[in-house]
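# Fold and contact review
Here is what each chain is made of, one letter per residue.
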Amino acid sequence: MNPNFLQTPIPYLKGVGPNRAETLGAELGIQTYRDLLHLFPNRYLDKTSYYKINQLQPSGADVQVVGKIVHIKTVEQKRGKRLVASFIDESGQMELVWFRGHKWIRENLKLNEPYVVFGKTTRYGSIFSMPHPEMELLSEHQKGLKVAMQPIYPSTEKLSAKGITNRVIGKMMQQLFLESKGQFPESLSSTILDELKLISKSEALFNIHFPKNQELLARAQFRLKFEELFYVQLQLISKKLIRKQKIKGLPFENVGEKFNVFFKNHLPFELTNAQKKVIKEIRNDMGSNAQMNRLLQGDVGSGKTIVALMCMILAIDNGFQTCLMAPTEILANQHYSGLKELLGEMEITISLLTGSTKKSVRTRIHEQLENGELHILVGTHAVLEDKVQFNNLGLAIIDEQHRFGVAQRSKLWHKNEVPPHILVMTATPIPRTLAMSLYGDLDISVIDELPPGRKPIKTVHRFDSNRLKVFQFIKDEIKKGRQIYMVYPLIQESEALDYKDLMDGYESISRDFPLPDYQISIVHGKMKPKDKDYEMERFVKGETQIMVATTVIEVGVNVPNASVMIIESAERFGLSQLHQLRGRVGRGAEQSFCILMTSHKLSEDAKTRLQTMVRTNDGFDIAEVDLKLRGPGDLMGTQQSGLLNLKIADIVKDNQILKTARYYAIQLLKEDPKMEKEENKSIRIAYTKMMKQSSIWNYIS
Ligand code: ADP
Ligand code: MG
């Protein structure tokens, strides 16, 4: 085959032409033969087997059943009518249902004649129903041509409107295989093929599009998923290796005086073993010649801040400056005052830089950064501005990474001639599989232990109708001297509405918790930072007992005396957000509570989220559920979902394959870092091509 065959523009394919090419490009991003070849079916219709009605499973799979219609009736429902046919075979009874085209169907369906029906089934109570089945008389069906496994390709409304149906795509694919004779270059080494008993690339591509049977389809899928994940891992890991070899890090060789003084005189508690372990890992990194790029994972309240501070002191001991960046002003403020308190009288200079820092202060900070007087800069995005120039930035820490994009990480890299060490701290644990893909180029540390003496938070779900009881409970807690958070959702698309909800809530709470017995703070996104701080401050000092807020308080805020977290309209929050919010309580010695308030109307997903919250306090557990519910793209926010743009593999479901792929990628790079060996030639060629072609390979700074 001509080596550039797969680069051929799609209009050259017989049967495509400029119009169809344009639609294919716009709708499915198909520009070349290669793109078409890698348009994998979403699913397959298995027409090789027939099910008995009593064998049906509520799996939503497409199935084929032979039987007879014995009865048809029209059922009135709220919106329009539905046509329902009772369909039986010797094993049982099911329903065929139509919501449209009743007249035609009634006139054409034959009662008591054997039919083959094909479609998805769903179960209502004990009976299965198949909406809008494909139907064929058994006699016709037996005459017809049998396609074993029919691939179903991704489709869009525009594609169907322009006549590019599933059949048309199937035809194009056939044409492509005809022109290529079904021969495609192998892209894995024979070692890998042998060890994993993978089928060849050509065989896999053939069977993904024209599966001969279930088994070959499964092997084709396995091979292609493995290959896809293997190359992603290869990319991530080789990036990491190159960085470690090429980029010299700033060596922090001394554990100096300041660190020791802090450790002896300022550490307010004994570090947990997990904290010690992580500090050691970080110290090793920073003491080596390589630049550190480390992700620090730890559940809410696991004590990441102190770890961050001790690493900063290490940097300072070695003559470097450091910065700590947080996603919100409230959190930056809190870090600033928290760190200041921890540092006490130590000779370490620290300043805060946010959007609302006054010009004069800002100018002073800029100066002190440039002349090296300032040791620690705490701030928000403001830290990234070009005007902010360091004398010698040695360590940059990003807290609550999921709020920041990858771009910010790379901006920090360039704040120093030699890239500073980078420590990214996540607020929400990330499932291992996802971390391997998203942060495969980072080293990972985990704090897997909470500080001692924490009482697990009790979480309950209450319906709005129980509000009075909940309010009584709050009053009792306040009587004991506790403080309460009440959080309202804030979803950007309907900010006005959310604001109204918040204000209505605030008013009703003010009525139920009247002055002078109760003092209430309120914090929301529409307030000026100054007012926000003032209200926050009152709550922190214990002058107010109730804090009514939107999710601005989600991250980081630390008020140990607050023991109850009420989340209003909890069904509207995502799991990680709920977990974050809950983490605001349970920080003191008292028993803490989280009350999830909802209406009675709950989606299945919402129920799962609430049940998960009630069931467990473990952030890693919650993250796994979240990943399953939402899929990897959503979980990390839209900014980063692009990098999970996998064509066939699914990070959640193909977790095991991912691990294998990662293992093989690591092995390969260990044994043959430049992929020079003859047996790895096919991998090198495919890899080089990929690196040149596709922009998703360049997603990481
Ligand atoms: P997060 O990991 O969520 O950022 P923080 O760093 O804010 O957690 O720590 C949560 C609370 O736990 C803080 O009040 C902190 O002082 C306290 N803390 C941290 N480490 C320990 C420890 N080893 N022993 C006791 N308390 C600790
Ligand atoms: Mg924190």
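The structure this text deals with has already been given above.
Residues numbered from 1 in each chain as written. Chains lettered and ligands numbered in written order. Predicted model: local features only at pLDDT ≥ 70, side-chain atom pairs only at ≥ 80, totals over all residues. Heavy atoms only, no water.

## Concerning the overall build of the protein
Which entries qualify depends on this criterion: Strands are runs of DSSP state E lasting at least two residues, helices are runs of H or I lasting at least four, and both sets are numbered from the N terminus onward. The buried label applies to any residue whose accessible area, calculated with a 1.4 Å probe on protein chains only, is under 20% of its type's maximum; exposed applies above 50%, and partly exposed to all values in between. Any two residues whose heavy atoms approach within 4.5 Å are treated as being in contact. Reported accessibility uses the Shrake-Rupley method at a 1.4 Å probe radius. Residues are deemed covered only where the shown protein chains occlude them. Charge assignment in this entry is limited to Lys and Arg as positive and Asp and Glu as negative, and neither His nor the chain termini are counted. Working definition for charges: the position is that of NZ of Lys, CZ of Arg, CG of Asp or CD of Glu.
Check the secondary structure of the protein and you find 25 helices and 22 strands. Projected onto the principal axes, the alpha-carbon positions of the protein cover approximately 90 × 70 × 45 Å. Looking at the 701 residues of the protein, the share that counts as buried comes to 52%. Within the protein, contacts between residues at least 6 apart in sequence are counted, and of these 74% link residues at least 24 apart. When the accessible surface of the protein is split by element, carbon and sulfur atoms take 51% of a total near 33,800 Å². Positive and negative side-chain charges of the protein, numbering 95 and 80 respectively, have mean locations separated by a distance of 4 Å.

## Details of the sheet that holds strand S2 (residues 62-76)
Backbone hydrogen bonds hold the strands of a sheet together, and the pairing may be parallel or antiparallel. Put simply, the test is: Strands qualify as paired when DSSP identifies two bridges or more between them. A fitted line through C-alpha atoms serves as each axis, taken over the contacting stretch for helices, and the angle formed by two N-to-C directions is quoted from 0 to 180°.
Strand order in this open sheet of 7 strands is S6-S7-S4-S3-S2-S5-S8, and the pairing throughout is mixed. Single-partner strands in this sheet number two, and they are strand S6 (122-124) and strand S8 (134-137). The mean inter-strand angle of the sheet, taken between neighbouring strand axes irrespective of direction, is 40 degrees. The pairing of S2 with strand S5 (residues 114-120) spans 7 bridges and is classified as antiparallel. Bridge pairing links Gln64 to Phe118 in S5.

## Overview of helix H6 (residues 166-180)
Filter applied, for reference: In this scheme, a helix's expected span is set at 1.5 Å multiplied by one less than its residue total.
For H6, with 15 residues, the first-to-last C-alpha span of 21 Å sits near the 21 Å given by 1.5 Å per residue. Taken residue by residue, H6 has Val168, Ile169, Gly170, Met172, Met173, Gln175, Leu176, Phe177 and Ser180 as its buried positions. Where H6 ends, the next residue or the one after it, Lys181, has phi of about 55 degrees, a positive value.

## Quick look at the site of ligand 1
What counts is decided by this rule: Distances are taken per atom, and a residue is near a molecule or strand as soon as one of its heavy atoms is within 4 Å of it. In the analysis that follows, any N or O atom pair within 3.5 Å is treated as a polar contact, provided that within protein one partner can donate a hydrogen and the other can accept it, and provided that, for residues neighboring in sequence, both atoms belong to side chains. Here the term charged refers only to Asp, Glu, Lys and Arg, the term nonpolar to Ala, Val, Leu, Ile, Met, Phe, Trp, Tyr, Cys and Pro, and the term polar to all other amino acids, Gly among them.
Taken together, 16 residues are adjacent to ligand 1, and Glu270, Gln275, Gly301, Thr305 and Arg454 come closest. Here an oxygen atom of ligand 1 and a backbone polar atom of Gly301 are 2.6 Å apart. Within the contact set of ligand 1, an oxygen atom lies 2.9 Å away from a side-chain nitrogen or oxygen of Lys304. Burial of ligand 1 by the protein amounts to 80% of the accessible area it has alone, namely 560 Å². The residue makeup of the shell around ligand 1, split by class, is 4 nonpolar, 7 polar and 5 charged.

## What about the sheet that holds strand S10 (residues 293-298)?
The 7 strands lie next to each other as S12-S13-S11-S14-S15-S10-S16, forming an open sheet whose pairing is parallel. Bordering the open sheet on either side are strand S12 (350-353) and strand S16 (443-447), each of which pairs with just one other strand. When the angles between neighbouring strand axes are averaged without regard to direction, this sheet yields 20 degrees. As defined by bridge partners, S10 adjoins strand S15 (residues 421-425) across 4 bridges and the pair is classed as parallel.

## Some words on the side chain of Ser302
As for its placement among the helices and strands, Ser302 is situated in the loop between S10 and helix H12 (304-317). At 2.7 Å, the side chain of Ser302 forms a polar contact with the backbone oxygen of Asp299. Setting aside residues up to four positions removed in sequence, Ser302 forms contacts with Gln275, Ile447, Glu449, Leu450 and Pro451.

## Remarks on the environment of Ser603
Following the sequence through the fold, Ser603 ends up in the loop between strand S22 (593-598) and helix H21 (604-615). Within the local environment of Ser603, its side chain forms a polar contact with the backbone nitrogen of Ala606, the two atoms lying 3.1 Å apart.

## Describing the nonpolar core
Stated formally: Only buried residues count toward a nonpolar core. Its members are Ala, Val, Leu, Ile, Met, Phe, Trp, Tyr and Cys residues joined through side-chain atoms within 4.5 Å.
Within the largest apolar cluster, 52 residues are counted, with the highest numbers of intra-cluster contacts made by Phe226, Phe230, Tyr231, Leu234 and Leu377. If you tally residues by element for this core, the top one is helix H24 (residues 655-671), at 7 residues. Counting residues in hydrophobic clusters, the runner-up holds 44 residues, among them Ala274, Ile313, Leu331 and Met346.

## Re the pattern of salt bridges
For clarity, the threshold we go by: In the sections that follow, a salt bridge refers to a side-chain nitrogen of Lys or Arg positioned within 4 Å of a carboxyl oxygen of Asp or Glu.
With the rule as written, the count across this model stands at 21 salt bridges. Among the ionic pairs, Lys103 bridges to Glu107, the shortest N-O distance being 3.5 Å. Taken as a pair, Lys103 and Glu107 lie in helix H3 (residues 102-108) at a separation of 4 residues, close to a single helical turn. Accessibility classification places Lys103 together with Glu107 in one group, the exposed group. Here Asp443 makes a salt bridge to Lys240, at a shortest N to O gap of 3.4 Å. Of this pair, Asp443 sits in strand S16 while Lys240 sits in helix H9 (residues 214-246); the two residues are 203 residues apart in sequence, bridging distant segments of the chain. Side by side, Asp443 and Lys240 carry an identical accessibility label, which is buried.

## Comments concerning the packing of helix H11 (residues 273-287) against H12
Applicable threshold: Reported orientations rely on four angle classes, namely roughly parallel under 35 degrees, roughly antiparallel over 145, roughly perpendicular from 65 to 115, and oblique for the rest. Each crossing gets its hand from how the near helix is turned against the far one by less than a right angle, where anticlockwise is left-handed and clockwise is right-handed.
Axis separation between H11 and H12 bottoms out at 10 Å; the angle between their running directions is 30 degrees. With respect to H12, the element H11 is oriented roughly parallel. Considering only the axes of H11 and H12, their crossing is right-handed. Contact with H11, carried on its side by Gln275, Val278, Ile279, Ile282, Arg283 and Met286, involves Ile306, Val307, Met310, Cys311 and Leu314 of H12 and no other residues of that element. Across the contact of H11 with H12, the residue classes break down as 9 nonpolar, 1 polar and 1 charged.

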